[in-house]
Amino acid sequence: MSSQKFTIPSAADEAPTGAALYARFALAGALCCSITHGAMTPVDVVKTRIQLSPEIYNKGMIAGFRQVASAEGAGALLTGFGPTAAGYFLQGAFKFGGYEFWKKTFIDAIGIEKASENRTAIYLGSSAIAEFFADVALCPLEATRIRLVSQPDFAGGLLSGFTRILKEEGAIKGFYSGFGPILFKQVPYTMAKFVVYELAAEKIINAIGKPKDELAPATITQVNLGAGIIAGTAAAIISQPADTLLSKINKSKGAEGQSVTSRLVQMAGQLGAKGLFLGLGPRIVMVATLTAGQFAIYGDIKRVLGATNGVEIAK
């Protein structure tokens, strides 16, 4: 019986191209999003409780942790971990893989010189299209996660919660009632996240004074972390109102015959500006941390997989 050796490709091997390259981008994106969002589950549980029950959870983030653990046990802080990890694995693959694909598509369409001059528009357009398809994959699992967090006795976990929603409410109403607000939240969030990251990383690298391909791997990781923190902070602020509405709309069923749009308008009017920004502080902490982690992990996994030959248009 012959033995085979399996090796992880490195940047020194022949660089992957075409589908092999984008599969690596997608895998790196899936892993970085699943790891970071899964790790932030306790923060997201408390943030969601602050948004949904401000009359109870009104003493800040740290007190929120204590309240949840005291009332329901420490295990409650991991409520929704299954759908979070699974949902963001899928979303990350579409988001990061799609972003690289559409960025390359736009660059090929107009040429690299013109693309470099209009790089902000390319970053925005590529991330918006990628996020749309990513949200189609994410929405059912995000609806299940919010239901599990907001109604702890709804189901025992991902599979039972997913099945109950599908059975009682159907696929469209049960899983995609929040599709409008999730697009409203995630598309501006992702556009801000990628464009601010790309521009911040460009500024940081220019300040270092060396081309990116001459930087040590540890330095690139530090650049990714720093640019990720800046990008995450901007993205959190921009998407906060839609995040609050998404939590609210998935908490319970709408009235018979009521459209998603009318529910959103009604909720926004009831909450007001202050209510729409409930939980912003914890969310900035969460999003800045996970965004920094995502770009650092994404860059490191791409390097391990040898997928470092994406097109760069930064100046």
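Residues numbered from 1 in each chain as written. Predicted model: local features only at pLDDT ≥ 70, side-chain atom pairs only at ≥ 80, totals over all residues. Heavy atoms only, no water.

K.L.:
Any chance you could explain the overall build of the chain here in plain terms?
P.N.:
Along the backbone of the chain there are 12 helices and 0 strands. The order of helices and strands in the chain, counted from the N terminus, is α-α-α-α-α-α-α-α-α-α-α-α. Computed over the C-alpha atoms, the radius of gyration of the chain is 21 Å, within 12% of the 20 Å expected from 2.2 N^0.38 for a compact globule of 315 residues. For the chain, the spread of C-alpha atoms along the principal axes amounts to about 60 × 55 × 40 Å. By residue count, 49% of the 315 residues in the chain fall in the buried class. Restricting to contacts in the chain with at least 6 residues of sequence separation, those with at least 24 account for 80%. (Helix = DSSP H or I, 4+ residues; strand = E, 2+ residues; numbered from the N terminus. Rg over C-alpha atoms; globule rule 2.2 N^0.38 Å. Buried < 20%, exposed > 50% of the residue type's maximum accessible area, 1.4 Å probe, protein only. Contact = heavy atoms within 4.5 Å.)

K.L.:
Looking at this model, I keep getting lost on the packing of aromatic side chains. Mind explaining?
P.N.:
Within a pair of aromatic rings, the relevant descriptors are the distance that separates the centres and the angle that separates the planes. Counted according to the given criterion, the structure contains 14 aromatic pairs. Judged by centre distance (5.3 Å) and plane angle (65°), the ring pair of Phe96 and Phe194 falls under edge-to-face. Highlighted residues: Phe96 in helix α4 (residues 81–110) and Phe194 in helix α9 (residues 179–208), separated in sequence by 98 residues. Judged by relative accessible area, which is 2%, Phe194 ranks as buried. Taking 4.5 Å as the distance between ring centres and 45° as the angle between the ring planes, the aromatic pair formed by Phe96 and Tyr298 counts as tilted. Note that Phe96 is positioned in helix α4 and Tyr298 in helix α12 (residues 280–305), a separation of 202 residues in sequence. Across the pair, Tyr298 and Phe96 agree in class, each one buried. Grouped by ring-pair contacts, the aromatic residues Phe96, Tyr99, Phe194, Tyr197, Phe295 and Tyr298 constitute a single cluster. Arg147 extends its terminal NZ or CZ atom over the ring of Phe154, reaching a point 5.2 Å from the ring centre. (Phe/Tyr/Trp six-rings, centres within 6.5 Å; stacked < 30°, edge-to-face > 60°. Lys NZ or Arg CZ within 6 Å of the ring centre and 35° of its normal.)

K.L.:
I tried to follow the environment of Cys139 on my own but got confused; where do I start?
P.N.:
By the secondary structure assignment, Cys139 is in helix α6 (residues 119–150). Judged by relative accessible area, which is 2%, Cys139 ranks as buried. Considering only alpha carbons, one finds Cys139 and Asn58, 81 residues apart in sequence, at a separation of 28 Å.

K.L.:
Mind showing me how you'd approach the state of the cysteines here?
P.N.:
The bond known as a disulfide is covalent and runs between the sulfur atoms of two cysteines. By the definition in use, this model includes 0 disulfides. Left unpaired, Cys32 is separated from the closest cysteine sulfur, that of Cys33, by 4.1 Å. This cysteine, Cys139, is not joined by any disulfide, and Cys33 carries the nearest cysteine sulfur, 16 Å off. (Disulfide = S-S within 2.5 Å.)

K.L.:
Sorry, what's going on with the nonpolar core here?
P.N.:
Inside soluble globular proteins, nonpolar side chains tend to come together where they are buried. Among the nonpolar cores identified, the biggest contains 43 residues, and Phe96, Ile182, Tyr197, Tyr298 and Ile313 are the most heavily contacted of them. Elements supplying a minimum of two residues to this core: α1 (18–39), α4, α6, α9, α10 (217–249), α11 (260–276) and α12. In terms of residue count, α9 provides more of this core than any other element does, 10 residues in total. The residues contacting Phe96, other than those within four sequence positions of it, are Phe25, Gly29, Cys32, Cys33, Lys193, Phe194, Gln294, Phe295 and Tyr298. Formed by 16 residues, the second largest nonpolar core is a distinct cluster that contains Val43, Tyr57, Val68 and Ala192. (Core = buried A, V, L, I, M, F, W, Y, C linked by side-chain atoms within 4.5 Å.)

K.L.:
Help me understand the pattern of salt bridges, please; the structure alone is not making it clear to me.
P.N.:
Between side chains of opposite charge, a pair can form when the charged atoms approach closely. This model, assessed by the stated rule, comprises 14 salt bridges. The shortest N-O distance in the salt bridge between Asp44 and Arg145 comes to 2.9 Å. Here the residue Asp44 occupies a position in helix α2 (residues 41–52), and Arg145 occupies one in helix α6, the gap between them amounting to 101 residues. For Arg145, a relative accessible area of 3% puts it in the buried group. One connected set of salt bridges, linked through shared partners, spans Asp44, Lys47, Glu142 and Arg145. (Salt bridge = Lys/Arg side-chain N within 4 Å of Asp/Glu carboxyl O.)

K.L.:
Can you help me understand the packing of α1 against α12 in this one?
P.N.:
Axis angle and axis distance: for two packed helices, these are the angle between their axes and the distance between the axes, and together they describe the pair. Look at α1 against α12: their axes get within 8 Å of each other, and the N-to-C directions meet at 145°. For the pair α1 and α12, the crossing hand works out as right-handed. Counted together, Arg24, Phe25, Leu27, Ala28, Gly29, Leu31, Cys32, Cys33, Ile35, Thr36 and His37 of α1 and Leu290, Gly293, Gln294, Ile297, Tyr298, Ile301, Lys302 and Leu305 of α12 form the full contact between these two elements. (Axes fitted to C-alpha atoms, helices over the stretch in contact; angles between N-to-C directions. Left-handed = near helix turned anticlockwise from the far one by under 90°.)

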